[in-house]
Amino acid sequence: MTDITDDIAEEISFQGFEDDCRLLGNLLNDVLQRELGPDFMDKLERTRVLAQSACNMRMAGIEDTAELLEKQLSAELSKMTLEEALSLARAFSHYLNLTGIAETHHRVTKARGSANLSKSCDDVLNQLVQGGISPADLYDTVCKQEVEIVLTAHPTQINRRTLQYKHIKIAHLLEYNDRPDLGHEDREMLIEDLVRELASIWQTDELRRHKPTPVDEARAGLNIVEQSLWRAVPHYLRRLSNALKKHTGKPLPLTCTPIKFGSWMGGDRDGNPNVTAKVTRDVSLLSRWMAVDLYLREVDNLRFELSMNQCSAKLSGLAREILEKEKTLDDWHETRSQQSSLGQFKNYSNHAPPLPTQLPAGADLPSCAEHNDMKTHYPRLDVPGTEFKPMNRQGRQDSLREFSLDTSKLSIKTHGNDNANNSGNGQSVVTPRGTASSSSQLLLQRRQFAESQIGRTSFQKLLEPSSSQIPGIAPYRVVLGDVKEKQCSGSGILGDGRLADLIRRVATFGMVLMKLDLRQESGRHSETLDAITKYLDMGAYSEWDEDKKLEFLTRELKGKRPLVPPTIEVTLDIKEVLDTFRVAAELGSDSLGAYVISMASNASDVLAVELLQKDARLAVAGELGRPCPGGTLRVVPLFETVKDLRQAGSVIRKLLSIDWYHDHIVKNHNGHQEVMVGYSDSGKDAGRFTAAWELYKAQQDVTTACNEFGIKITLFHGRGGSIGRGGGPTHLAIQSQPPGSVMGTLRSTEQGEMVQAKFGLPQMAVRQLEIYTTAVLLATIRPPQSPKEEKWRKLMDEISQISSTTYRTTVYENPEFLAYFHEATPQAELGCLNIGSRPTRRKVSTGIGHLRAIPWIFAWTQTRLILPAWLGVGAGLKGICEKGHTEDLRAMYKEWPFFQSTIDLIEMVLGKADIPIAKHYDEVLVSESRQELGAELRRELLTAEKFVLLITGHEKLSENNRSLRKLIESRLPYLNPINMLQVEILKRLRRDDDNNKLRDALLITINGIAAGMRNTG
């Protein structure tokens, strides 16, 4: 049913799937029987049976009977009280969520139990070797591959995090239920656990009552790392290494990782005033802190796994060298920063705490095993809150000087053999050495201050480790990598377990887990430079033509002085832009990834950011008295609208023809240019088909432009979850890119509900990482075919032209469309969901143009018309077929991967659309004068279906994906009634807009439909 699970092409066992759905459904019925009583359950069952009967009639082609049953169902739902409607919507929503959990579980089970898994590392490497690729070339290509998956906070995750966790627990219980050795008593206990979870879910509020902050969104992204990716990455890399060793004779190097992760959570400020410079700094600090905590947990476990008491002389010597260097550096830092005032803390930091008296959680499990309780038994460092501000050097010394008066009376104990005073709780305890008459309040203050200083000192030490004495090798690499390499003969297998996994985690996640991208709209940079040039009496930057802007920007970039005077007075919006660049200079490329410019359209948009970045780095370096940390950020233009996509190649050529910029790319970015293409706004601008074709051509043009200047290209794909925003199966999407555009490098966003669906469970995450790896590998070694004939490109241009004209005529030029959109969909009410920190519109406007792509698609998905993904396609295909090119289109479908994937995705959407449900929305909610517009749109949908089937040769939609078809049909008895309830609630709410209970009921139906459709926007 979903765009996302089709990433995993394996069929599921429908017998097992249906058994689990039946089990979960019956247990939920038991909970509802107790909670709501038998009368409600009778109504619920009658509703389900009516909906099921109507679906059966439609599938059998008995349309008249189906329509009668649907009218009867609608009439009965309209007579329900608000309380009954709310309970029914909640119940059916939970049924759909449980069905989704069972589906995901069986996909994981199928993947785990398959000996020859399609698109796995082993499968694809075997194909390539058998196809004549030399093992040496294959090994080299895999080791050089660079894929980055960027998690974003786009507001499409409908479920609260509380419910997501409960759903994960149910998935684990289903997995446990599959064990063949489960005894009768154990199974009874498992059933009790399931009932307990279902009762808890029913009594949990499904709705977010407050909007999340950007820091909340970042925390959710980091939780995905902690709960899933942290365990999945080593397991995935082991599978890749084993496959490489099997087919090339060499394993994957320990510090080589083909996939890394980035984030926009806390960095994406495009149209979101809630993401500020302070938020970016806080999120970066939070990410580093979580990384430290995760690494400390692993080291806890390693202390037990590496329990050997003998080693080679080389390893012993290396250990002594490391300890001596650390001691020397510790003494140097101690003398320089604290003198002799904190002798007690020096003793604490110079001597490692004794081994704990009990095993840390999970120490007995392999590192790739699942275990949720990963708490450390060492003194934990509390993460600084948002109010935490590092002291400046003078301030810290003053504080320490004040505190040094009393430190002689304090000592710090950690748990060990002598744990009588701390009750074995593993917490640092401060005890007085002097008399017992000290006041408890003073003691508490001293203890809190001592612990805060230790926390800050340890945190700083972990985040900024001492430089290695071995050139080119980081200190963590010395400790982890060289220890493994220098183990005594015969003991190498010990290093291939948790230690190897830890080294691979360091290579993948570094010290920040996910580097944070910054994103801002190009217009904000122009406004900033306009304010600066006016302040300096240089004129109005915004009024200059492109050539004058480039001349000014290039001249300033070549200069050595800062442009922005420290005393400049600007508006708050301009100040926020300047503050963002300052934070970027302070954090540097060690913590941050790229600076993405949305709505980029000219070369000056890129140089403007380069200048503001350079200026901030000069200012910060001047204050620090040393260069800024890390390097400059990559500046990435994002081409989104059709107009900008068509000019993308010209913009890149113009940039690379500027000597300063070309030299900058070669010198500071290793000759690598990154370009982002946006799927969402281009689709909203011209329709999905035209957007797909313009994106294809833009990628070709940008790749050619970079090749002309000897620059490597990395394309960054801004794909959403739904097909209308570029979503769909990952493998299919990558395999249909223009040849030469994927040369071992790729960046791609994963957004909203896709993050949880693809990476929420470790097993699913491993599979997704394999699919990314193998798809990019195939696209690099065996690029997809170009159009065989130039005629095919001309036909695509013609289809695109007709499709775009039809789409824009309907959406932007029909004066009735906007009113129809507001009447026929729950778009106006979507803002009450509180699923994201950013506004639904970039600017204050009621038009379609400034509405973001997510609510645009979200609204049409709710009504099951899914208009943005297919509007215009039928007209385009019909126009070409009527000119006699049907056989050409069939040939294109069979022989051109790009065209095939485009048509297949449209077919998938058409299979999920539902004309009778969409018609019901119109009949009840839309003014009579606008109902003809709805009828016309439904006729367009039928036209698209007719010509897609004509080109593919399929007799019915989704014929090539029967598993998907069956999953869709299994949900309809629950999904259709929720749609009808939504229509009834919308009708009532529009008469009584202040009724909060009605609004809650509407939001519940929105959640339920999103669960049934398995995506939102």
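Residues numbered from 1 in each chain as written. Predicted model: local features only at pLDDT ≥ 70, side-chain atom pairs only at ≥ 80, totals over all residues. Heavy atoms only, no water.

1. Let's talk about the overall build of the protein chain
For step 1, the next point in the chain: Scanning the protein chain for helices and strands turns up 38 helices and 10 strands.
For step 2, the next point in the chain: Classification of the 1017 residues of the protein chain by burial places 56% in the buried group.
For step 3, the next point in the chain: By sequence separation, contacts in the protein chain at least 24 residues apart represent 83% of the contacts at least 6 residues apart.
For step 4, the next point in the chain: In the structure as shown, the protein chain presents an accessible area of about 42,800 Å², 51% of it carried by carbon and sulfur atoms. (Helix = DSSP H or I, 4+ residues; strand = E, 2+ residues; numbered from the N terminus. Buried < 20%, exposed > 50% of the residue type's maximum accessible area, 1.4 Å probe, protein only. Contact = heavy atoms within 4.5 Å. Areas by Shrake-Rupley, 256 points an atom, 1.4 Å probe, with all protein chains shown as cover.)

2. Topic: the packing of aromatic side chains
For step 1, the next point in the chain: The tally for this structure, following the rule as stated, stands at 25 aromatic pairs.
For step 2, the next point in the chain: Three or more aromatic residues joined by ring pairs form one cluster here, namely W693, Y696, W792, W896 and F898.
For step 3, the next point in the chain: The ring of Y139 carries K250 above its face, with NZ or CZ at 4.1 Å from the centroid. (Phe/Tyr/Trp six-rings, centres within 6.5 Å; stacked < 30°, edge-to-face > 60°. Lys NZ or Arg CZ within 6 Å of the ring centre and 35° of its normal.)

3. Details of the pairing of strand β7 (residues 634-639)
For step 1, the next point in the chain: Burial of β7 is extensive: 5 of the 6 residues sit out of reach of the surface.
For step 2, the next point in the chain: Handedness of the β-α-β unit built from strand β6 (residues 592-598), helix α21 (residues 603-624) and β7 comes out right-handed.
For step 3, the next point in the chain: Where β7 meets strand β8 (residues 672-678), 2 bridges bridge the pair, whose relative direction is parallel. Across the sheet, residue F639 finds its bridge partner in β8, namely V677. (Right-handed = clockwise from strand over helix to strand, strands pointing away. Pairing = 2+ DSSP bridges.)

4. Brief notes about the pattern of salt bridges
For step 1, the next point in the chain: Going through the model one piece at a time under the given rule, you end up with 59 salt bridges.
For step 2, the next point in the chain: Measuring nitrogen to oxygen at the nearest pair gives 2.6 Å for the salt bridge that ties E206 to R90. Taken together, the residues E206 in the loop between α8 (184-202) and α9 (214-248) and R90 in helix α4 (residues 82-113) connect sequence positions 116 residues apart.
For step 3, the next point in the chain: Residue D282 pairs with K278 through a salt bridge whose shortest N-O separation is 2.8 Å. Of this pair, D282 and K278 both sit in helix α10 (residues 277-305), 4 residues apart, roughly one helical turn.
For step 4, the next point in the chain: Salt bridges sharing partners connect three or more residues here, namely E148, D517, R634, E674 and R747. (Salt bridge = Lys/Arg side-chain N within 4 Å of Asp/Glu carboxyl O.)

5. Points about the confidence of the model for the protein chain
For step 1, the next point in the chain: Per-residue confidence for the protein chain averages 82 on the pLDDT scale, and 78% of its residues sit at or above 70.
For step 2, the next point in the chain: Predicted confidence in the protein chain is weakest over strand β3 (residues 410-413), with a mean pLDDT of 30, and strongest over β7, with 97.
For step 3, the next point in the chain: Every residue in residues 446-489 scores below 50 in pLDDT, and together they form 78 contacts with partners more than four places removed in sequence or on other chains. (pLDDT = per-residue confidence, 0-100.)

6. Quick look at the sheet that holds β7
For step 1, the next point in the chain: Taken together, the 8 strands give a closed barrel; going around it, the order is β1-β2-β5-β6-β7-β8-β9-β10, and neighbouring strands pair in parallel fashion. Each adjacent strand pair in this sheet contributes to an overall mean axis angle of 25°, direction not counted.
For step 2, the next point in the chain: Set on the sheet, helix α25 (residues 688-708) makes contact with β8 and β9 (712-718); between it and β9 the angle comes to about 155°. (Axes fitted to C-alpha atoms, helices over the stretch in contact; angles between N-to-C directions.)

7. Some points on the nonpolar core
For step 1, the next point in the chain: Within the largest apolar cluster, 123 residues are counted, with the highest numbers of intra-cluster contacts made by F261, F509, L513, L529, L607, I652 and Y661.
For step 2, the next point in the chain: If one sorts the elements of this core by residue count, α9 sits on top with 14 residues.
For step 3, the next point in the chain: Excluding residues that lie within four positions of it along the chain, L529 makes contacts with Y541, L553, L563, A608, L611 and L612.
For step 4, the next point in the chain: Counting 122 residues, the second-largest nonpolar core is a separate cluster that includes A859, C881, I903 and M908. (Core = buried A, V, L, I, M, F, W, Y, C linked by side-chain atoms within 4.5 Å.)

8. Points about unusual backbone geometry
For step 1, the next point in the chain: Of note, D537 is a non-glycine position whose phi angle comes to about 60°, a positive value.
For step 2, the next point in the chain: By the element assignment, D537 lies in the loop between α18 (522-535) and α19 (546-558).
For step 3, the next point in the chain: Classification of D537 by relative accessible area gives exposed; the value is 72%.
For step 4, the next point in the chain: In this model, N670 sits at a positive phi of 55°, which is unusual for a non-glycine residue.
For step 5, the next point in the chain: With respect to the helices and strands, the residue N670 is situated in the loop between α23 (659-668) and β8.
For step 6, the next point in the chain: On the basis of relative accessibility, which here comes to 59%, the residue N670 falls in the exposed class.

9. What to know about the environment of G497
For step 1, the next point in the chain: Inspection of the secondary structure puts G497 in the loop between α16 (492-495) and α17 (498-509).
For step 2, the next point in the chain: Residues G497 and E305, spaced 192 residues apart in sequence, show a C-alpha to C-alpha distance of 8.9 Å.
For step 3, the next point in the chain: Setting aside its immediate chain neighbours within four residues, G497 contacts R238 and E305.

10. A few points about the packing of helix α34 (residues 897-912) against helix α36 (residues 931-952)
For step 1, the next point in the chain: With their axes 10 Å apart at the nearest point, α34 and α36 run at an angle of 135° to one another. For the element pair α34 / α36, the angle class is oblique. Considering the relative orientation of α34 and α36, their crossing is left-handed. Every residue of α36 that contacts α34 at F899, I903, I906, E907 and L910 is listed here: L941, A944, E945, V948, L949, I951 and T952.
For step 2, the next point in the chain: Residues of the contact of α34 with α36, tallied by class, amount to 9 nonpolar, 1 polar and 2 charged. (Parallel < 35°, antiparallel > 145°, perpendicular 65-115°, else oblique. Left-handed = near helix turned anticlockwise from the far one by under 90°. Nonpolar A, V, L, I, M, F, W, Y, C, P; charged D, E, K, R; others polar.)

11. Here's the deal with the state of the cysteines
For step 1, the next point in the chain: What the rule picks out here adds up to 0 disulfides.
For step 2, the next point in the chain: The thiol of C143 is not disulfide-bonded; the next cysteine sulfur, from C256, is found 4.4 Å away. (Disulfide = S-S within 2.5 Å.)

12. What about helix α35 (residues 915-925)?
For step 1, the next point in the chain: Regarding α35, the residues found buried are I917, A918, H920, Y921, D922 and L925.
For step 2, the next point in the chain: You can read the cap of α35 off the contacts: a side-chain oxygen lies 3.0 Å from the backbone nitrogen of I917, and it is on D914. (Polar contact = N/O pair within 3.5 Å; in protein donor to acceptor, adjacent residues only side chain to side chain.)

13. Digging into a nonpolar patch on the surface
For step 1, the next point in the chain: Among the surface-exposed residues, M308, I493 and L494 lie close enough to one another that they form a single nonpolar patch of about 290 Å² accessible area.
For step 2, the next point in the chain: Residue position: I493 is located in helix α16. (Patch = residues over 30% accessible without salt bridge, like charges linked within 9 Å, V, L, I, M, F, W, Y side chains within 5 Å.)

14. Quick look at the packing of α9 against α17
For step 1, the next point in the chain: Close contact between α9 and α17 brings their axes to 10 Å; oriented N to C, the two are set at 110°. Accordingly, the angle class assigned to the pair α9 and α17 is roughly perpendicular. Counting all contacts with α9, which are made through V225, L229, W230, R231, V233, P234, L237, R238 and S241, the residues of α17 involved are R498, D501, R504, R505, T508 and F509.

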